[in-house]
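# A structural walkthrough
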Amino acid sequence: MVLRRNLLTVAPLEGCALLLGDQQDSHISQGGNICCVRLIWPCCNTWVAGMSSFPEVSDDPDFLDVSRLSRKCRFALDPREQLQAQRFARARNWRVLGSAHSHPGGEAVPSPADHRWTVLPALMVIVAGSGNVRAWWLTGVQSDQKHELAYLGQ
Ligand SMILES: [Zn+2]
């Protein structure tokens, strides 16, 4: 509920946040690792056209008309906020588990840009404009290199 409110408040722009918490190891028969999100760290979407470290590629349907690119279909996390979140997490023996962002006009499924612009492997939670929340484990830059995770939140 907190994640939905935080990320959809800025609609039609994409909202974003970092997920802080701990990772509990469990035996593979119990489903492998469990990520326990303890805190949602809201971030400003700092995406701007032409960010040199985030190249656009032509296989992304959004790229067909570059003039359509905006914070409505792109997000970037402020590096200063990421550093602050890392410090906060370390002081509590937590870590930054991953990120969350919204797709106000789309589905809660990682886009081609989400795969390319994420340091892999990564936990990614996406909130659709409908309020649907889905959690993903991204393993590669191709759209099929992802696994949907059981999301036990509400
Ligand atoms: Zn996305």
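Report on the accompanying structure. Predicted model only: the values in this text are computed from it and were never measured. (Residues numbered from 1 in each chain as written. Predicted model: local features only at pLDDT ≥ 70, side-chain atom pairs only at ≥ 80, totals over all residues. Heavy atoms only, no water.)

## Here's the deal with the overall build of the chain
- Each helix and strand in the chain was counted, giving three helices and six strands.
- Each helix and strand of the chain, ordered N terminal to C terminal, gives the series α-β-β-α-β-α-β-β-β.
- Here the chain holds 154 residues, and 35% of them are scored as buried.
- Considering only contacts within the chain whose residues lie at least 6 apart along the sequence, 58% involve residues at least 24 apart.
- Of the roughly 9000 Å² of accessible surface on the chain, 54% is carried by carbon and sulfur atoms. (Helix = DSSP H or I, 4+ residues; strand = E, 2+ residues; numbered from the N terminus. Buried < 20%, exposed > 50% of the residue type's maximum accessible area, 1.4 Å probe, protein only. Contact = heavy atoms within 4.5 Å. Areas by Shrake-Rupley, 256 points an atom, 1.4 Å probe, with all protein chains shown as cover.)

## Observations regarding the sheet that holds strand β6 (residues 146-149)
- Judged by pairing direction, the sheet is mixed, and its six strands sit side by side in the order β2-β1-β3-β4-β5-β6 without closing on themselves. Where the open sheet ends on each side, the last strands, each with one partner, are β2 (34-43) and β6. Pairwise comparison of adjacent strand axes, ignoring direction, gives a mean angle of 30 degrees for this sheet.
- By the bridge criterion, nine bridges tie strand β1 (residues 16-24) to β2 in an arrangement that is antiparallel. Following the sheet pairing, Gln23 is matched in β2 by Cys35. (Pairing = 2+ DSSP bridges. Axes fitted to C-alpha atoms, helices over the stretch in contact; angles between N-to-C directions.)

## Let's talk about the coordination of the zinc ion
- The zinc ion binds to the protein through His101 (NE2), His103 (NE2), Asp114 (OD) and Asp114 (OD), with metal-donor distances spanning 2.0 to 2.5 Å.
- Every donor counted, the four donor atoms about the zinc ion form angles of 56 to 163 degrees at the centre, which fits irregular coordination.
- Each donor residue of the zinc ion lies on one chain, and together they are spaced H-x1-H-x10-D. Assigned by exposure class, His101 and His103 land together as buried. (Donors = N, O, S within 2.8 Å, 3.2 Å for Na, K, Ca; no water. Tetrahedral: all angles 85-135°; square planar, octahedral: opposite > 155°, others 65-115°.)

## Some remarks on the pattern of salt bridges
- By the definition in use, this model includes three salt bridges.
- A salt bridge links Arg80 to Asp78, with the nearest nitrogen and oxygen atoms 3.0 Å apart.
- Given a relative accessible area of 12%, Asp78 falls into the buried group.
- Taking the shortest distance from any N to any O, the salt bridge between Glu148 and Arg134 comes out at 2.8 Å. With a gap of 14 residues between them, Glu148 in strand β6 and Arg134 in strand β5 (residues 133-138) connect regions that are remote in the sequence. (Salt bridge = Lys/Arg side-chain N within 4 Å of Asp/Glu carboxyl O.)

## Here we look at the side chain of Glu81
- Summarising the element assignment, Glu81 is placed in helix α2 (residues 79-91).
- Once residues lying within four places of it in the same chain are set aside, the contact partners of Glu81 are Leu18, Trp41, Pro42, Cys43 and Cys44.

## Things to note about unusual backbone geometry
- With an omega dihedral of 15 degrees, the bond running from Ala11 to Pro12 counts as a cis peptide bond.
- Inspection of the secondary structure puts Pro12 in the loop between α1 (2-8) and β1.
- A positive phi angle is found at Asn93, which is not glycine, with a value near 60 degrees.
- Checked against the element boundaries, Asn93 lands in the loop between α2 and β3 (95-103).
- With a relative accessible area of 69%, Asn93 lands in the exposed category.

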